[in-house]
Amino acid sequence: MTADPMPVPPADDGDGQVTIVLERKKVSVPRMANETLLESARRAGLSPPFSCEAGNCGTCMGKLLAGRATMRANDALEPDEVEEGYILTCQAVPETPSVSVSYDE
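These numbers come from a predicted model, not from an experiment.

*Asks:* How do you make sense of the overall build of the protein when you look at a structure like this?
*Replies:* Of the regular secondary structure elements, the protein holds 2 helices and 8 strands. Starting at the N terminus and ending at the C terminus, the protein contains elements arranged as β-β-β-α-β-β-α-β-β-β. Looking at the protein as a whole, 44% of its 105 residues are labelled buried. Across the protein, contacts joining residues at least 24 apart in sequence account for 60% of those joining residues at least 6 apart. Roughly 5,400 Å² of accessible area belongs to the protein as shown, and the carbon and sulfur atoms make up 46% of that amount.

Written out as structure tokens, the structure reads:
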């Protein structure tokens, strides 16, 4: 499943940055190939919400603000939520050089 609020050119693996907004704090880290947005948030020193890490519960849901990410699995979000830009950060891997996601939306 793909959430795509803004078209952005394709990324080269490992280039770019991931920006995470959590509890009104905004942090950016270099993008790492095949790393989920949840893993990026943890690497940034944040404590994002999560539970199952399998795409089943929806606890890690965030809203994609910029860029594009593909979810490896999604058993929690409805199609209209995905269309609105919501993603499961435990399953979402960036497809574009820069991605921004907010847990506060």
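From this point, things continue past the structure.
*Asks:* Looking at this model, I keep getting lost on the pairing of strand 8 (residues 98-102). Mind explaining?
*Replies:* Along a regular strand, successive side chains alternate from one face of the sheet to the other. Among the 5 residues in strand 8, 4 count as buried, and that is most of the element. Both strand 2 (residues 17-22) and strand 8 contribute to a ladder of 5 bridges, which runs parallel. Looking at the pairing, Thr19 lines up with Ser100 of strand 8. Both strand 4 (residues 61-66) and strand 8 contribute to a ladder of 3 bridges, which runs antiparallel. Pairing of Ala66 across the sheet is with Ser100, part of strand 8.

*Asks:* What should I look at first to understand the nonpolar core in this one?
*Replies:* If you look at the biggest cluster of nonpolar residues, it comprises 24 residues, and the most contacted ones within it are Ile20, Leu37, Met71 and Ile87. Among the elements of the structure, strand 2, strand 3 (25-30), helix 1 (37-43), strand 5 (69-71), strand 6 (86-88) and strand 8 are those that each provide at least two residues to this core.

*Asks:* When you look at the environment of Leu37 in this model, what are you seeing that I'm missing?
*Replies:* By secondary structure assignment, the location of Leu37 is in helix 1. Placed 19 residues apart in sequence, Leu37 and Val18 show a C-alpha to C-alpha distance of 7.6 Å. In contact with Leu37, not counting residues within four places along its chain, are Val18, Leu64, Ala69, Ile87, Thr89, Ala92, Pro94, Val99, Val101 and Tyr103.

*Asks:* Teacher, can you tell me more about the pattern of salt bridges here?
*Replies:* Any two side chains of opposite charge can pair if their charged atoms end up close together. In total, this model carries 3 salt bridges according to the counting rule given. Between Glu53 and Arg42 there is a salt bridge, and its shortest N-O distance comes to 3.1 Å. Here the residue Glu53 occupies a position in the loop between helix 1 and strand 4, and Arg42 occupies one in helix 1, the gap between them amounting to 11 residues. When its relative accessible area of 34% is taken as the criterion, Arg42 is described as partly exposed. Residues Arg68 and Glu95 are paired through a salt bridge, measuring 2.8 Å at the closest nitrogen-oxygen approach. Within this pair, whereas Arg68 is found in the loop between strand 4 and strand 5, its partner Glu95 is found in the loop between strand 7 (92-94) and strand 8, the two being separated by 27 residues in sequence. What makes Glu95 partly exposed here is its relative accessible area of 31%.

Conventions and cut-offs
Residues numbered from 1 in each chain as written. Predicted model: local features only at pLDDT ≥ 70, side-chain atom pairs only at ≥ 80, totals over all residues. Heavy atoms only, no water. Helix = DSSP H or I, 4+ residues; strand = E, 2+ residues; numbered from the N terminus. Buried < 20%, exposed > 50% of the residue type's maximum accessible area, 1.4 Å probe, protein only. Contact = heavy atoms within 4.5 Å. Areas by Shrake-Rupley, 256 points an atom, 1.4 Å probe, with all protein chains shown as cover. Pairing = 2+ DSSP bridges. Core = buried A, V, L, I, M, F, W, Y, C linked by side-chain atoms within 4.5 Å. Salt bridge = Lys/Arg side-chain N within 4 Å of Asp/Glu carboxyl O.

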